[in-house]
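What the coordinates show
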Amino acid sequence: MTDMTAAVGVGLRAIGAVSPRLAGRVAFELWRRPMARGQVRSSERAAHESARAEVVDGITTYAWGDGRRPVLLVHGWRSRASRYAGFITRLLELGYSPISYDGPGHGDTTQPMGTILDHQRIITRLAERYGDFEALIAHSLGVPFALYAVRQGVAAGRIVSISGFADFGYLVDKFGAELGLGTKVKNNLRREIERQLFGGDPEIWTKFSVGPGDADLLVIHNDVDDVVDPAQVAVLLASYGPRARFSPKTGLGHGRILSDPAVIEEAIAFLAVQKGLDVAEGLDLSA
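In this text, all values refer to a predicted model and were calculated from it rather than measured experimentally.

Now for the overall build of the protein. A tally of helices and strands in the protein yields 11 helices and 8 strands. Sequence separation of at least 24 residues holds for 72% of the intrachain contacts in the protein that already meet a minimum separation of 6.

Spelled out as structure tokens, the structure:
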């Protein structure tokens, strides 16, 4: 925990001792903001600059390749599309066409923060433009976003979840644990999220959690992930059903796992199995 996080936690707990409702409102304003936009790293520059970038309805989108075999890449919190640079390079080498976007409040997208419903609309719009996705790869918060879009009708042949979680309420639980918030303040934070973002719907915690899926899903997660508790793996597998399988990793953390060459190769090998595609030649498909 940083000094800033500790200080914020102390302040919220002090407010909560007097008024849990007010503390919930303050916590909501902090919860809904990513604090800082991720910048393009030097290692990502070549992939980022080679994209066909467009702004569609205020969202910065990216496309690579010739349009065949489109693969959607969905980033997580405080991240951006360029974090998939290693995936983009390898997908292009194998004849896929990566598609991605910077979510609201992230990267080069100037729109303010959005919700899972905004991401659903963006993903649906990209599917309408580029056709059914041969595959979908999502990281962290992008996992529930992507799986919800698929559940609402977006087609994806195969799906890879990297460092993701299944329980939509985990967003509040993780935030509350980091700041040491009590039950009353967390419950008020939940009510603020329902009221201000979802029209007062108390069912969002179930509605937006991962549910049963029809596409094959590979779940990749690190055993020492300090952002998304590895315990979420069991929840994800149980929620999605028998078409999900788990590939455990160690020593990679939450962010570095996305650029690990072995992870990239395993994920793409999983995609290549889909229809016996010729891109599978030379890949290790035993994982």
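The next subject is unusual backbone geometry. For R78, which is not glycine, the phi torsion reads 55° and is therefore positive. Topologically, R78 is positioned in the loop between β3 (70-74) and α4 (85-93). Judged by relative accessible area, R78 falls into the partly exposed class, the value being 46%. With a phi angle near 60°, S140 is a residue other than glycine that sits in the positive phi range.

Here we come to the sheet that holds strand β6 (residues 156-162). Ordered by their spatial adjacency, 8 strands build an open sheet running β1-β2-β4-β3-β5-β6-β7-β8, and the pairing between neighbours is mixed. With one partner strand each, in any of the chains shown, β1 (52-56) and β8 (244-249) form the two edges of the open sheet. The sheet shows a mean angle of 20° between the axes of neighbouring strands, direction not considered. Relative to strand β4 (residues 97-101), strand β2 (residues 59-63) is paired through 3 bridges, and the arrangement is antiparallel. From the neighbouring strand, Y62 faces β4, where its bridge partner is S100. Contacts from helix α5 (residues 116-130) reach β1, β2, β3, β4 and β5 (133-139), with the element oriented near 150° to β4.

Further remarks concern the packing of α5 against helix α6 (residues 142-151). Where α5 contacts α6, the two axes come as close as 9 Å, and the packing angle between them is 60°. Comparing their axes, α6 and α5 come out oblique. Seen from above, α5 lies across α6 with right-handed handedness. On α6, the residues that touch I116, L117, H119, Q120 and I123 of α5 are P144, F145, A146, Y148 and A149. Residues of the contact of α5 with α6, tallied by class, amount to 8 nonpolar, 2 polar and no charged.

With 15 residues, α5 ought to run about 21 Å at 1.5 Å a step, and its terminal C-alpha atoms sit 21 Å apart, in line with that. The secondary structure elements touched by the buried residues of α5 are β1, β2, β3, β4, β5 and α6. Capping of α5 at its N-terminal end is provided by T115; its side-chain oxygen lies 3.1 Å from the backbone amide nitrogen of L117. G131 sits one or two positions beyond α5 and adopts a positive phi of about 90°.

Between its terminal C-alpha atoms helix α8 (residues 183-197) stretches 21 Å, which fits the 21 Å expected from 15 residues at 1.5 Å a residue. Taken together, the buried positions of α8 are occupied by V185, L189, R190, E192, I193 and E194.

Now for the packing of helix α2 (residues 20-31) against helix α7 (residues 170-179). One way to put it is that α2 packs onto α7 with a least axis distance of 12 Å and a crossing angle of 105°. Comparing the axis directions of α2 and α7 gives the class roughly perpendicular. Residue-level inspection shows A27, L30 and W31 of α2 in contact with α7, the latter providing L171, V172 and F175. When grouped by side-chain class, the residues that make up the contact of α2 with α7 number 6 nonpolar, no polar and no charged.

Right, let's talk about the side chain of S247 for a bit. Structurally, S247 can be placed in strand β8. A relative accessible area of 9% means that S247 is categorised as buried. A polar atom in the side chain of S247 sits 3.2 Å from the side chain of K249. Among the polar contacts made by the side chain of S247, one reaches the side chain of E266 at a distance of 2.6 Å. Those residues within four positions of S247 in sequence are excluded, and the remaining contacts are L218, V219, I220, H221 and E266.

By the element assignment, L141 lies in the loop between β5 and α6. Between the alpha carbons of L141 and S163 there is a distance of 8.5 Å; along the sequence they are 22 residues apart. If sequence neighbours within four positions are ignored, L141 has contacts with G76, W77, F165 and L171.

What counts and how
Residues numbered from 1 in each chain as written. Predicted model: local features only at pLDDT ≥ 70, side-chain atom pairs only at ≥ 80, totals over all residues. Heavy atoms only, no water. Helix = DSSP H or I, 4+ residues; strand = E, 2+ residues; numbered from the N terminus. Contact = heavy atoms within 4.5 Å. Buried < 20%, exposed > 50% of the residue type's maximum accessible area, 1.4 Å probe, protein only. Pairing = 2+ DSSP bridges. Axes fitted to C-alpha atoms, helices over the stretch in contact; angles between N-to-C directions. Parallel < 35°, antiparallel > 145°, perpendicular 65-115°, else oblique. Left-handed = near helix turned anticlockwise from the far one by under 90°. Nonpolar A, V, L, I, M, F, W, Y, C, P; charged D, E, K, R; others polar. Expected span 1.5 Å × (residues − 1). Polar contact = N/O pair within 3.5 Å; in protein donor to acceptor, adjacent residues only side chain to side chain.

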